[in-house]
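Here's the letter readout for the chains.
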Amino acid sequence: MNVELISYTKDPVNIIERAASTCYDSEPTNGKIMNHCYKSGHHSVLEFAEFTFKISGVSRALTHQLVRHRLASFAQRSQRYCKENEFDYVIPKTLMNKPEVLDKYKAFMDNVNTFYTELVDAGIPAEDARYILPNACATEICVKMDLRELIHFCNERLCTCAQWEIRMLAQQMKKVVEEVSPECTKYLVPKCESHSPYNFCTETKKRSCGRHKGISEVITEK
């Protein structure tokens with residue numbers, strides 16, 4: 001997996017606070033207004049900061065989940081127009097310690113690739129040959145999110161209930177944002193920590209990682 005931040009709003013705090021100041025007839029405060037807006041639920045001003053990522057080496061299974069975040073823009077490698085001969089694929093970690101299963105997995109991918117190539121060589125259009133390609137097939141995608149949607153994405157996908165691959169993606173996206181806008185990353189947290197210091201888990205006890213108490217426990221304590 002490779003995540004590259006190819007474009008972003010310079011000085012996002014200032015841009016967000018200038019937008020917010022229009023609402024409050026105030027002046028930017030180097031983060032104070034932005035933090036107040038976040039905590040008070042005035043999240044529309046966070047949309048004035050944008051980040052664009054180039055993501056590669058991820059599976060189609062991951063991007064099927066990713067594009068469900070509809071308040072974002074996507075441009076993905078097309079299996080209709082791009083040939084996928086000798087395609088790369090993602091191997092789930094759960095297979096890595098089971099050699100007999102892993103060998104069958106790799107053999108299956110090799111067979112799919114061979115048949116795909118046969119279809120294309122036989123004159124079958126790539127848009128039809130792609131029907132046999134697996135969800136594991138590697139792809140690349142450009143994603144643009146404003147800070148409001150990026151926060152929501154991280155709230156959902158940094159949670160341990162998210163599948164491992166998209167959780168890893170969220171971690172990498174947060175990392176590259178932190179390098180250019182460290183003041184934004186304190187908001188890029190799993191949902192259990194999105195109301196800090198009042199942290200609580202909204203998942204069932206069975207699904208919870210146990211990092212924080214469940215909401216029912218917190219209510220009982222109060």
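Computed from a prediction, not measured in an experiment: that's the story for all the values here.

Engineer: Can you help me understand the pattern of salt bridges in this one?
Structural biologist: Side chains that differ in charge, positive against negative, can pair when their charged atoms come close. Evaluation of the coordinates by the stated rule reveals 4 salt bridges. Here Arg77 ties to Glu84 by a salt bridge, and the two come within 3.0 Å at their closest N and O atoms. The class for Glu84 is buried, based on a relative accessible area of 5%. In this structure, Glu156 engages Lys191 in a salt bridge whose closest nitrogen and oxygen atoms are separated by 3.6 Å. On the criterion of sequence distance, the pair formed by Glu156 in helix α7 (residues 147-157) and Lys191 in the loop between α8 (164-180) and α9 (215-221) is long-range, its members being 35 residues apart. Residue Lys191 is classed as partly exposed on the basis of its relative accessible area, which comes to 22%.

Engineer: Would you explain the sheet that holds strand β2 (residues 50-59) in this entry?
Structural biologist: Two modes of strand pairing occur in sheets, parallel and antiparallel, and in both the strands are linked by backbone hydrogen bonds. Pairing in this open sheet of 4 strands is antiparallel, and the strands run β1-β2-β4-β3 from one edge to the other. For this open sheet the edge positions go to β1 (2-8) and β3 (73-76), each flanked by a neighbour on one side alone. If you compare each strand with its neighbour and ignore which way they point, the axes differ by 20 degrees on average. Here 6 bridges tie β1 to β2, and the two strands are oriented antiparallel to one another.

Engineer: How should I be thinking about unusual backbone geometry in this particular structure?
Structural biologist: Working note: non-glycine residues mostly have negative phi, and peptide bonds are mostly trans. Located in the positive-phi region is Asp25, a residue other than glycine, with phi close to 55 degrees. In this structure, Asp25 sits in the loop between α1 (12-24) and α2 (32-40). What makes Asp25 exposed here is its relative accessible area of 75%. With a phi close to 60 degrees, Asn30 is a non-glycine residue in the positive phi region. Assignment of secondary structure puts Asn30 in the loop between α1 and α2. Its relative accessible area of 75% is what places Asn30 among the exposed residues.

Engineer: Please explain the packing of aromatic side chains as it appears in this structure.
Structural biologist: In this description, an aromatic ring pair is defined by two values, namely the gap between the centres and the angle between the planes. All chains considered together, the criterion is met by 3 aromatic pairs. Between Tyr38 and Tyr187 the ring centres are 4.5 Å apart and the planes differ by 50 degrees, which places this aromatic pair in the tilted class. With Tyr38 in helix α2 and Tyr187 in the loop between α8 and α9, the pair connects residues that are 149 residues apart, well separated along the chain. Of the two residues examined, Tyr38 and Tyr187, each falls in the buried class. An angle of 65 degrees between the planes, with centres 6.0 Å apart, marks the rings of Tyr89 and Tyr105 as edge-to-face. One end of the pair, Tyr89, is in the loop between β3 and α4 (93-96); the other, Tyr105, is in helix α5 (residues 99-121), and 16 residues separate them in sequence. On the accessibility criterion, Tyr105 (17% relative accessible area) is buried. Aromatic ring contacts, followed pair by pair, group Phe87, Tyr89 and Tyr105 into a single cluster. Sitting over the ring of Tyr8, Lys10 keeps its end group 4.3 Å from the ring centre.

Engineer: Would you explain the packing of α7 against α8 in this entry?
Structural biologist: Angle between the axes and distance between the axes: these two values describe a pair of packed helices. The contact between α7 and α8 brings their axes to 9 Å, and the two run at 140 degrees. By the angle class used here, α7 and α8 are oblique. Once α7 is placed against α8, the crossing between them reads as left-handed. Of the residues in α8, those in contact with Leu150, Phe153, Cys154 and Arg157 of α7 are Ile166, Arg167, Leu169, Ala170, Met173 and Val177. Tallied by class, residues from the contact of α7 with α8 come to 8 nonpolar, no polar and 2 charged.

Engineer: What should I look at first to understand the side chain of Thr52 in this one?
Structural biologist: Position of Thr52 relative to the elements: it lies in strand β2. When its relative accessible area of 16% is taken as the criterion, Thr52 is described as buried. For Thr52, the contacting residues outside a window of four places in its chain are Glu4, Leu5, Ile6, Ser7, Val143 and Lys144.

Engineer: What exactly am I supposed to notice about α1 here?
Structural biologist: For an α-helix, 3.6 residues make a turn, and residues three or four places apart therefore share a direction. The end-to-end C-alpha separation of α1 is 18 Å, in line with the 18 Å expected for 13 residues at 1.5 Å each. All of the buried residues along α1 are Pro12, Val13, Ile16, Glu17, Ala19, Ala20 and Ser21. The positive-phi residue at the C-terminal boundary of α1 is Asp25, with phi of around 55 degrees.

What counts and what doesn't
Residues numbered from 1 in each chain as written. Predicted model: local features only at pLDDT ≥ 70, side-chain atom pairs only at ≥ 80, totals over all residues. Heavy atoms only, no water. Salt bridge = Lys/Arg side-chain N within 4 Å of Asp/Glu carboxyl O. Buried < 20%, exposed > 50% of the residue type's maximum accessible area, 1.4 Å probe, protein only. Helix = DSSP H or I, 4+ residues; strand = E, 2+ residues; numbered from the N terminus. Pairing = 2+ DSSP bridges. Axes fitted to C-alpha atoms, helices over the stretch in contact; angles between N-to-C directions. Phe/Tyr/Trp six-rings, centres within 6.5 Å; stacked < 30°, edge-to-face > 60°. Lys NZ or Arg CZ within 6 Å of the ring centre and 35° of its normal. Parallel < 35°, antiparallel > 145°, perpendicular 65-115°, else oblique. Left-handed = near helix turned anticlockwise from the far one by under 90°. Contact = heavy atoms within 4.5 Å. Nonpolar A, V, L, I, M, F, W, Y, C, P; charged D, E, K, R; others polar. Expected span 1.5 Å × (residues − 1).

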